[in-house]
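Chain and residue survey
Now for the letters of each chain:
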Amino acid sequence: VEVPRYSRLLRTLVPPMLATAERRAEERLADAVARAVVQARGAVGTEIARLENLRRVNPSVQQREVDAARDELAALEEVLPQARPRIDALRFVVSADFLNLRG
């Protein structure tokens, strides 16, 4: 496919398509972040509970291990809401119909 032949058409089509992709990613971000925070709380929260229970019966489990898990959860709760969508790659699929368009 000769790209220069379609460059004017692509310059017209791609920017609005990219803007739409970015907008949709932004719209989905809040739900994705909320799910990630819930998953982090579940996973790390379970580990904190496990360490606390183990510490009650096993003196070799140190309080600093529990504190480290709590710090990890606090850090995740702080950084996850700062996540931003990023479009690293786009794939533009060209059909035979597209190739028949005139630019």
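Residues numbered from 1 in each chain as written. Predicted model: local features only at pLDDT ≥ 70, side-chain atom pairs only at ≥ 80, totals over all residues. Heavy atoms only, no water.

Comments concerning the overall build of the protein
Looking only at helices and strands, the protein features three helices and zero strands. Listing every helix and strand of the protein by position from the N terminus yields α-α-α. With the C-alpha coordinates aligned to their principal axes, the bounding extent of the protein is approximately 75 × 20 × 20 Å. Looking at the protein as a whole, 14% of its 103 residues are labelled buried. Taking as baseline every contact in the protein between residues at least 6 positions apart, the subset at least 24 positions apart corresponds to 69%. Accessible surface, the protein as shown: approximately 8200 Å² in total, 54% of it carbon and sulfur. Side chains of the protein give 17 positive and 15 negative charges; the mean places of these two sets differ by 7 Å. (Helix = DSSP H or I, 4+ residues; strand = E, 2+ residues; numbered from the N terminus. Buried < 20%, exposed > 50% of the residue type's maximum accessible area, 1.4 Å probe, protein only. Contact = heavy atoms within 4.5 Å. Areas by Shrake-Rupley, 256 points an atom, 1.4 Å probe, with all protein chains shown as cover. Lys, Arg positive; Asp, Glu negative; His and termini not counted. Charge placed at Lys NZ, Arg CZ, Asp CG, Glu CD.)

What to know about a nonpolar patch on the surface
A contiguous nonpolar patch, built from L13, M17, F92 and V94 and spanning about 310 Å² of accessible area, is present on the exposed surface. Within the secondary structure, L13 sits in helix α1 (residues 3-57). (Patch = residues over 30% accessible without salt bridge, like charges linked within 9 Å, V, L, I, M, F, W, Y side chains within 5 Å. Salt bridge = Lys/Arg side-chain N within 4 Å of Asp/Glu carboxyl O.)

Points about helix α2 (residues 63-79)
Taking 1.5 Å per residue, 17 residues should reach 24 Å; α2 reaches 24 Å between its end C-alpha atoms and fits that length. Turning to α2, its buried residues are V66, A69 and L73. Within α2, the buried residues cover an arc of 65° as seen down the axis, which keeps them to one side. Opposite its buried face, α2 presents the exposed residues R64, D71 and E78, each directed more than 90 degrees away. (Expected span 1.5 Å × (residues − 1). Arc of directions from axis to C-beta.)

Re the nonpolar core
Core analysis: the largest hydrophobic core is formed by seven residues, namely V44, I48, L51, V61, V66, A69 and L73. Among the secondary structure elements, those contributing two or more residues to this core are α1 and α2. Look past the residues within four positions of L51 in its chain and what remains in contact with it is V61, E65, V66 and A69. (Core = buried A, V, L, I, M, F, W, Y, C linked by side-chain atoms within 4.5 Å.)

Observations regarding the pattern of salt bridges
Evaluated as defined, the whole model comprises four salt bridges. Its salt-bridge partner being R23, residue E27 comes within 3.9 Å of it at the nearest N-O pair. Here E27 and its partner R23 are both found in helix α1, four residues apart, which amounts to about one turn of the helix. Of the charged contacts, one joins E47 and R50 as a salt bridge, the two residues approaching to 2.8 Å between their closest N and O atoms. Of this pair, E47 and R50 both sit in helix α1, three residues apart, which is roughly one turn of the helix. A residue is classified by how much of its surface remains accessible, and E47, at 31% relative accessible area, is partly exposed.

Some words on the confidence of the model for the protein
Per-residue pLDDT for the protein has a mean of 88; in total, 90% of the residues score no lower than 70. Looking over the protein, one finds the lowest element-wise mean pLDDT in helix α3 (residues 96-99), namely 70, and the highest in α2, namely 97. (pLDDT = per-residue confidence, 0-100.)

Considerations on the environment of R50
Looking at R50, the relative accessible area reads 42%, which means it is partly exposed. C-alpha of R50 to C-alpha of V66: the two residues are 16 residues apart in sequence and 9.1 Å apart in space.

What about the environment of Q62?
Here Q62 is to be found in the loop between α1 and α2. Using a relative accessible area of 36% as the deciding quantity, one classes Q62 as partly exposed. Here the alpha-carbon distance between Q62 and A30, two residues 32 residues apart in the chain, equals 37 Å.

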